[in-house]
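# Residue-level structure breakdown
Given next are the chains, with one letter for each unit.
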Amino acid sequence: MEKRGEMTRVLMPIAMKETASLPAGFDALYYAHRSPSFFERVKHKLSKNKPDVFKYKIIVKNRLELKDVEALWLSAATVLSQAETEQFLEHMTALQWAYSQRTGIDHLALSSFQNRGIKVSTTGDLVAAWVAQMNLACMLSDSKMLPTHLIKQRAFRSEPSFCKDISDLRVAIVGTGNIGNQTAAMCSALGMKVIGVSKHRQELDLGGTDYDEVYDVNDIDTVLPSIDYLILTLPLTEQTKGFIDKAKLAKLSETACLINLARPQLVDENALLLALKSNQLATAYVSGLQNVSRVQRIFANRLPNLLITHYSDANLRKKHRVAFQQFCSGLINLTEGREIENRIV
């Protein structure tokens, strides 16, 4: 179908077709994802280095229709390599803006967009409050021994458990971006001692934040022994991969709890599993496991002191509706020549 009049063509996931209508003046073209084949799924299960999500391919019925597309919505399931991105963009000669329905940027081949002068934006701080709420939920669950209560209930045991007063506890938040700051505000409101760990320490004004102390990321080893909770809110970069390694885990107290609802790759997962097994670390709450074998995954699922949230922190029913509103706002800004929010390129 050719572009009609002043209509702006938009390429969106087919999942949005029945649930959302674009504003007047926009013409939608939809793409689907090719699900992994049986053999790809088997390979994924046996692979030690698992991708963050399955690598779904973008499928468009008629690639000739792509030449008029000016705005692109990349769903959370879309992960394209550099070569695949280049191939895809060759057909989209009119593309001006790509919107990624994810907060992180590690799944995007940004240089491919940048070299073509294509604007790129993400959801920005859309999920920050939701992730902060889950960070708080993990601490409350741990301090009030909720998993232990459930284990006792299933074993028909009725004795009480010794809980902790969360206002007596110390939490270190590594990464003082929006998620970290919102988590800090919630912890501070409960009377916790809040420590910020950041590579931008000099830019933080303690008088205007919810942190009681702030340390440079290079000084984290001095913080670890005295804290009750270690929360990671770092982005995934080459510098942050494996940031919490065996040596750092060893510096934590045996009663400490690690909470990593960010990328699994921030932590040496093998070292984490060993620390939990040996009770060198009391508990851990993680969004998922990635760099572990199938055998290790089975072992991890049976650990009584490990809870995997499966990225539930941002899996709210209203997420797609709010993201769609954000996308429509970006479309209007694009056509009217205004700046697009949460732009990264």
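Residues numbered from 1 in each chain as written. Predicted model: local features only at pLDDT ≥ 70, side-chain atom pairs only at ≥ 80, totals over all residues. Heavy atoms only, no water.

## Comments concerning the overall build of the chain
What the chain contains, in helices and strands, is ten helices and 13 strands. Buried residues in the chain amount to 46% of all 345 residues. Within the chain, counting contacts between residues at least 6 apart in sequence, those at least 24 apart form 62% of the total. About 17,800 Å² of surface is accessible on the chain, with carbon and sulfur atoms providing 53% of the total. (Helix = DSSP H or I, 4+ residues; strand = E, 2+ residues; numbered from the N terminus. Buried < 20%, exposed > 50% of the residue type's maximum accessible area, 1.4 Å probe, protein only. Contact = heavy atoms within 4.5 Å. Areas by Shrake-Rupley, 256 points an atom, 1.4 Å probe, with all protein chains shown as cover.)

## So, the packing of helix 8 (residues 269-277) against helix 9 (residues 294-301)
Helix 9 packs onto helix 8 with a crossing angle of 35° between their chain directions and a minimal axis gap of 11 Å. In this structure, helix 8 meets helix 9 at a crossing whose hand is left-handed. From helix 8, Asn270, Leu273 and Lys277 reach across to helix 9, where they touch Gln296, Phe299 and Ala300. Within the contact of helix 8 with helix 9, the residues separate by chemical class into three nonpolar, two polar and one charged. (Axes fitted to C-alpha atoms, helices over the stretch in contact; angles between N-to-C directions. Left-handed = near helix turned anticlockwise from the far one by under 90°. Nonpolar A, V, L, I, M, F, W, Y, C, P; charged D, E, K, R; others polar.)

## Observations concerning the pattern of salt bridges
Oppositely charged side chains can form a pair if their charged atoms are brought close together. Counted under the stated rule, the structure contains nine salt bridges. Across the pair Glu159 and Arg157 runs a salt bridge, and its minimum N-O distance is 2.8 Å. By relative accessible area, Glu159 is classed as partly exposed at 38%. According to the relative accessible area criterion, Arg157 is partly exposed, its value standing at 44%. (Salt bridge = Lys/Arg side-chain N within 4 Å of Asp/Glu carboxyl O.)

## Details of empty space enclosed by the protein
Counted under the stated rule, the structure contains one cavity of 30 Å³ or more. Its boundaries defined by the atoms lining it, the largest cavity holds a volume of some 70 Å³. Lining of the largest cavity is provided by Leu74, Thr78, Val79, Leu80, Thr85, His107, Leu108, Ala109 and Phe113. Across the lining of the largest cavity, the residue classes tally to six nonpolar, three polar and no charged. (1 Å grid on protein atoms, 1.4 Å probe; cavity = no way out; pocket = protein on both sides within 12 Å on 5 of 7 lines; lining within 4 Å. Points joined across faces, edges and corners; volume = space filled by probe spheres on them.)

## Observations concerning helix 8
Buried within helix 8 we find Glu269, Ala271, Leu272, Leu273, Ala275 and Leu276. If you follow the buried residues of helix 8, they end up packed against helix 7 (246-251), strand 11 (257-260), strand 12 (283-286), helix 9 and strand 13 (306-308). At the N-terminal end of helix 8, a side-chain oxygen is found 3.3 Å from the backbone nitrogen of Asn270, two or three residues along, and the residue is Asp268. Downstream of helix 8 by one or two residues, Asn279 has phi in the positive range, about 60°. (Polar contact = N/O pair within 3.5 Å; in protein donor to acceptor, adjacent residues only side chain to side chain.)

## Things to note about the confidence of the model for the chain
For the chain, per-residue confidence averages 86 on the pLDDT scale, and residues scoring 70 or more make up 87% of the total. Considering only residues more than four positions removed or in separate chains, one finds that residues 50-56, a stretch of pLDDT under 50, has 30 contacts. (pLDDT = per-residue confidence, 0-100.)

## Considerations on the environment of Gln326
Residue position: Gln326 is located in helix 10 (residues 319-335). Sequence separation of Gln326 and Gln101 is 225 residues, and the distance between their C-alpha atoms is 9.8 Å. Filtering out sequence-adjacent residues up to four positions away, Gln326 remains in contact with Tyr99, Thr122, Thr123, Leu126 and Asn342. Of the polar contacts made by the side chain of Gln326, one reaches the side chain of Tyr99; its length is 2.7 Å.

## Some thoughts on the environment of Gly191
Turning to its location among the elements, Gly191 is positioned in the loop between helix 6 (178-189) and strand 8 (193-198). According to the relative accessible area criterion, Gly191 is partly exposed, its value standing at 40%. Taking C-alpha positions, Gly191 is 4.5 Å from Ser167, a pair spaced 24 residues apart along the chain.

## Concerning the state of the cysteines
Counted according to the given criterion, the structure contains zero disulfides. The cysteine Cys138 is free of any disulfide, with Cys257 supplying the nearest cysteine sulfur at 7.3 Å. (Disulfide = S-S within 2.5 Å.)

## Observations concerning the nonpolar core
In terms of nonpolar packing, the biggest core is built from 42 residues, with Leu22, Met139, Val171, Ile259 and Phe327 touching the most fellow members. It is helix 10 that contributes the most residues to this core, seven residues altogether. With sequence-adjacent residues up to four places away left out, Leu22 is seen in contact with Val10, Met12, Asp27, Ala28, Phe324, Phe327, Cys328 and Leu331. Counting residues in each nonpolar core, the second largest holds 36 residues, with Val174, Ile220, Leu230 and Val292 among its members. (Core = buried A, V, L, I, M, F, W, Y, C linked by side-chain atoms within 4.5 Å.)

## Observations concerning the side chain of Asp68
Along the chain, Asp68 turns up in the loop between strand 3 (57-59) and strand 4 (69-74). Polar side-chain contacts of Asp68 include one of 3.5 Å to the side chain of Lys67.

## Details of the sheet that holds strand 7 (residues 170-174)
The seven strands lie next to each other as 9-8-7-10-11-12-13, forming an open sheet whose pairing is parallel. On the outer flanks of this sheet lie strand 9 (213-216) and strand 13, each paired with one strand and no other. Adjacent strand axes in the sheet meet at a mean angle of 15° when their direction is disregarded. In this structure, strand 7 lies alongside strand 8, joined through five bridges in parallel fashion. Each residue of the ladder has a partner; that of Ala172, found in strand 8, is Ile195. Strands in contact with helix 6 are strand 7, strand 8 and strand 10 (229-232); relative to strand 7, the strand with the most contacts, it is inclined by about 170°. (Pairing = 2+ DSSP bridges.)

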